[in-house]
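Commentary on secondary and tertiary structure
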Amino acid sequence: MRILLVQPAPFEERRLGLENTVWRSEPVSLTSIAAMVPEHEVRILDMRCEKPSVLPEVLSGWQPDIVGTTAMTTDAYQAQAVLRLAKQIVPGALTLIGGHHCTLNTASYYVDWVDAAVLGEGELVFKEIVERWGRERSTRALEGLQGTDVRLPDGTRSKNGKAKNAPNLDHLPAPARHLVDRYRSQYFFLAAKPMASIFTSRGCSFDCNFCAIWEFYDRRTRFLSAEVIADRMAACEEPFIFLLDDNFMTRADRLEKLASELERRNIKKFFMTQGRSDFIAEHPELIARLAKVGLMGVLSGYETNDEKALEGLRKRNTLDNNIKAAKILKDNGVISTGIFMVRPEFDREDFAGLFEYIESLGVAIPLVTILTPLPGTEMWKKYREDLLTEDFRLFDLLHAVTPTKLPREEFYKEYVAWKRVGRTSMKAWFNRKTMLKRWDFYLRAAPNFPEMIWKRVRYQRIQFVPQSYLRDEAGIIRSNHSPRRPVDEVSLASK
Ligand code: B12
Ligand code: SF4
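We now turn to the structure provided with this report.

Thresholds, definitions, all that
- Residues numbered from 1 in each chain as written.
- Chains lettered and ligands numbered in written order.
- Predicted model: local features only at pLDDT ≥ 70, side-chain atom pairs only at ≥ 80, totals over all residues.
- Helix = DSSP H or I, 4+ residues; strand = E, 2+ residues; numbered from the N terminus.
- Rg over C-alpha atoms; globule rule 2.2 N^0.38 Å.
- Buried ≥ 20, exposed ≤ 12 C-beta atoms within 10 Å, placed from the backbone.
- Pairing = 2+ DSSP bridges.
- Axes fitted to C-alpha atoms, helices over the stretch in contact; angles between N-to-C directions.
- Near = placed C-beta within 6 Å.
- Nonpolar A, V, L, I, M, F, W, Y, C, P; charged D, E, K, R; others polar.
- Domains from an automatic or database assignment.
- Expected span 1.5 Å × (residues − 1).
- Arc of directions from axis to C-beta.
- Contact = placed C-beta atoms within 7 Å.

Turning our attention to the overall build of the protein. When helices and strands are tallied, the protein shows 21 helices and 17 strands. Expected size for 495 residues packed as a compact globule is a radius of gyration near 23 Å; at 22 Å, the protein falls within 12% of this value. Overall, the protein is about 60 × 60 × 40 Å in size when its C-alpha atoms are taken along their principal axes. Burial status across the protein gives 47% buried among its 495 residues.

Structure below.
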């Protein structure tokens, strides 16, 4: 059978968003499911790296039997559009959607051009779908299959809950990375390019109320063994690797084993990942060891300058840990990317307080987001009534989708002022002392600096201008002045 898997492109070129200048990773969701069906002909199209005309051309020229796509919430409509085109051009093909958005908000795909949504982890259920479709070209064949929500030929639905998670991640095949070979030079994290992406665990055992990772994976974490992680790192041709785990920094024993394995096999890669500040604060020696075997960057949600708000987010962490973590990372030359949240109830003093805190913290790269109730999270359930829109394009953590205390023009004017703290933090962090500690990384990434700087300069003309945000939401956001509840009651982090 011919199977076409499509990574949708952002809804408009050069929109506000991480993919512009900070981080674009290979579509691991698609390479992971593709690896389950090696006996079939599979193609992956990454529409972030292709001209829009390529998709209709491939659909009509190649006539796939199955077309699958993926979406996080911001890509919800783009994924729908991929499948609508597929149904128009190849009406007999099975159209499938998987990923976080359809798992947490399946109704987005109750349209007649999407045959089935795959809920939760995809590998095992995808294999079964392909087998069943090979036997019978009707969605009846998928009826009752756990992990799917299927539109049956008579228009009714067969809703079968979330997929069972694979009991042991080591037993799943390695993602079929060769299917995205031709895009490799286009994946990056800042100046780390070309960059491979792999995962070493799935899930998180914390339960922050603004995040749905723990709901998606039933608040359990499964890990690949150190041997398998090392195999996969060694197999990457790229010098830079992003470890995609939402919470890589967990279980010190597994990270010690991984460090030993990388040392023993002399695997030399620069790797970046995501991890919590409490773990970093509690394990300074382990961080130093990981830095020696290639750890080069960590993204952490520092979130806020307010202990009570941290508690309101159910982060189960402290401001003290944030301070310690930023220092430990700096001492080891590990670039700390701190993610912070502006809340809709912020007034001028709140913005000033947060920015002051960021400057004092000493992270290398601060990223300031706007607290957003994403589908599937506890916040979504609690604050859905108060949303000013359910247009998912704006759920990118860069737009306020709930009422703001300040008038929106002023809110965004205050928000974009983080340009200043971004600059001062970076200037203070990237000095000769910290850079010399990891000179080999900077030498390796040096050829990419001119392109990265050029992209940043171009992007900043959009990113730090309040009108960009207001323009995006024009005609989409309900009036800020008629919220269903007063703004102070919609205080997202303190209830
Ligand atoms: C890499 C990444 C990105 C990349 C792009 C990802 C990509 N598509 O290439 C970038 C950096 C651009 C990005 C951006 C954002 N991201 Co992001 N990102 C991730 C991350 C860390 C890894 C994704 C990944 O490759 N996972 C590994 C694969 C194997 O897992 P998977 O994608 O879930 O796929 C499995 C199943 O979902 C399913 N499946 C998925 N697709 C399909 C398709 C079919 C046909 C089938 C059968 C099955 C299937 O099977 C797969 C294998 O089991 C995830 C967290 C995570 N751990 O997944 C967050 C995550 C997806 N991002 C998230 C968010 C919120 C964002 C942002 C909005 C905000 C932000 N983080 O700044 C932005 C939005 C874009 C923008 N405007 O900039 C949320 C999404 C929540 C949601 N409701 O959608 C996540 C889950 C993080 C979190 N903690 O909540 N992100
Ligand atoms: S925000 Fe991070 S620590 Fe909290 S549940 Fe999500 S992945 Fe886990």
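The six strands are arranged β10-β13-β14-β15-β16-β17 in an open sheet whose pairing can be described as parallel. Bordering the open sheet on either side are β10 (195-198) and β17 (365-370), each of which pairs with just one other strand. Neighbour-to-neighbour, the strand axes of the sheet open up by a mean angle of 20°, direction not taken into account. As defined by bridge partners, strand β16 (residues 335-342) adjoins β17 across six bridges and the pair is classed as parallel. Within the sheet, the bridge partner assigned to M341 lies in β17 and is T369.

Not every one of the 39 residues close to ligand 1 is listed here, only the nearest: G17, G68, T70, G98 and G122. Counting only elements with at least two residues in the shell around ligand 1, the list comes to α1 (18-21), β2 (23-24), α2 (28-34), β4 (66-70), β5 (94-98), α5 (100-104) and α6 (123-135). No other element matches the four residues that α2 contributes to the shell around ligand 1. For the shell around ligand 1, the class distribution of residues is 18 nonpolar, 15 polar and six charged. Split by domain, the residues of the shell around ligand 1 number at least three in each of domain 1 (2-159) and domain 2 (187-473).

For the rest of this paragraph, the subject is helix α13 (residues 319-331). Between its terminal C-alpha atoms α13 stretches 19 Å, which fits the 18 Å expected from 13 residues at 1.5 Å a residue. Where α13 is concerned, the buried positions are N321, N322, A325, A326, I328 and L329. Down the axis, α13 shows its buried residues gathered within 165° of arc, on one side only. Buried positions along α13 lie against α10 (277-282), α11 (284-292), β15 (295-303), β16 and α14 (348-361). At the C-terminal side of α13, G333 shows a positive phi close to 70°.

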